Amino acid sequence: MSHATVGAPGTPRRYLHSLWLLSARDLRVRYATSFLGYLWSVLDPLVMSAIYWFVFTQVFNRGGRIGEEPYIVFLIVALLPWVWFNTSVSDFTRAFRKDSRLVRSTAIPRSIWVNRIVLSKGIEFLFSMPVLVLFAVFAGAQVGWGLLWFPVAILLQTVLLVGLGLLIAPLCVLYSDLERTTALILRALFYASPVIYGLSDLPAPFDVLGIFNPLAGIFTLYRVGFFPEQWETTPIVVSAVLSFAILALGVFVFRRLERVVLKEL
């Protein structure tokens, strides 16, 4: 399928069908070859949450100075989408080289190799939701109408990830050092994002700088269902604007570099 036929009747349906098949294949490969299978979607964030909870509540005895109570729920509700973000961006760096033969020979738009990562990792994120539900129940977390913002957070994160994927995937083909650079940036971004703390916990001037992290408003939307005091309009609006701006930039860059990338593969 060439770009000239993208608007042909049935094309979106074929694209979505192919996207689903590729994403389902990724999930089958990931779980079929693993003894624990689906449990890895739960164990990974569960172990991370337990480590951070122990460090910040038992070792450093944060004593309510950061975040909200119950802190384990405050932590998990942002840590789970962070895992989705982190694993997706990591896979973007190898999106084309990993299946270079298929990328060169396929007739479907090459953006599908980015979108399949977002979808498969997003499904894994949804699979990990029982962790959040269990801790919310056992910790006695209060649930409010703010939980209706949860799907909006998922939508914004999807938009942000697709935009980043369309930027990172082709650039990593052209500049191989970007794969290691991206890994370093992700390590720093974890602590620069309100995962183990809330945006309101940041001292000046970092509270202002933190607003321009697109993950800040997205994580706020995830949290307000359990912690309505975390609502801040400005970072949410900024996150929405930045997410769609990054998507537009990603589409532009991807279209400009697609042919060059195919020559490099």
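Heads up: these notes are all about the structure in this document. (Residues numbered from 1 in each chain as written. Predicted model: local features only at pLDDT ≥ 70, side-chain atom pairs only at ≥ 80, totals over all residues. Heavy atoms only, no water.)

Section: the environment of Asp91
Alright, step 1. Its place among the elements puts Asp91 in helix H3 (residues 71-92).
Alright, step 2. Residues Asp91 and Val118 lie 27 residues apart in sequence; the distance between their C-alpha atoms is 9.4 Å.
Alright, step 3. Sequence-distant contacts of Asp91, that is, excluding residues within four places in its chain, are made with Ile117 and Lys121.
Alright, step 4. Only 3.0 Å separates the side chain of Asp91 from the side chain of Arg94, close enough to count as a polar contact.
Alright, step 5. In this structure the side chain of Asp91 is engaged in a polar contact, spanning 3.5 Å, whose partner is the side chain of Lys121. (Helix = DSSP H or I, 4+ residues; strand = E, 2+ residues; numbered from the N terminus. Contact = heavy atoms within 4.5 Å. Polar contact = N/O pair within 3.5 Å; in protein donor to acceptor, adjacent residues only side chain to side chain.)

Observations concerning the packing of H3 against helix H6 (residues 129-139)
When two helices pack together, you describe them by how their axes are tilted relative to each other and by the distance separating the axes.
Alright, step 1. The N-to-C vectors of H3 and H6 enclose an angle of 170 degrees; their axes lie 9 Å apart at closest approach. Classified by the angle their axes make, H3 and H6 are roughly antiparallel. Facing H3, whose interface residues are Ile72, Val73, Ile76, Val77 and Leu80, H6 presents Met129, Val131, Leu132, Phe135, Ala136 and Ala139.
Alright, step 2. Taken together, the residues of the contact of H3 with H6 sort by class into 11 nonpolar, no polar and no charged. (Axes fitted to C-alpha atoms, helices over the stretch in contact; angles between N-to-C directions. Parallel < 35°, antiparallel > 145°, perpendicular 65-115°, else oblique. Nonpolar A, V, L, I, M, F, W, Y, C, P; charged D, E, K, R; others polar.)

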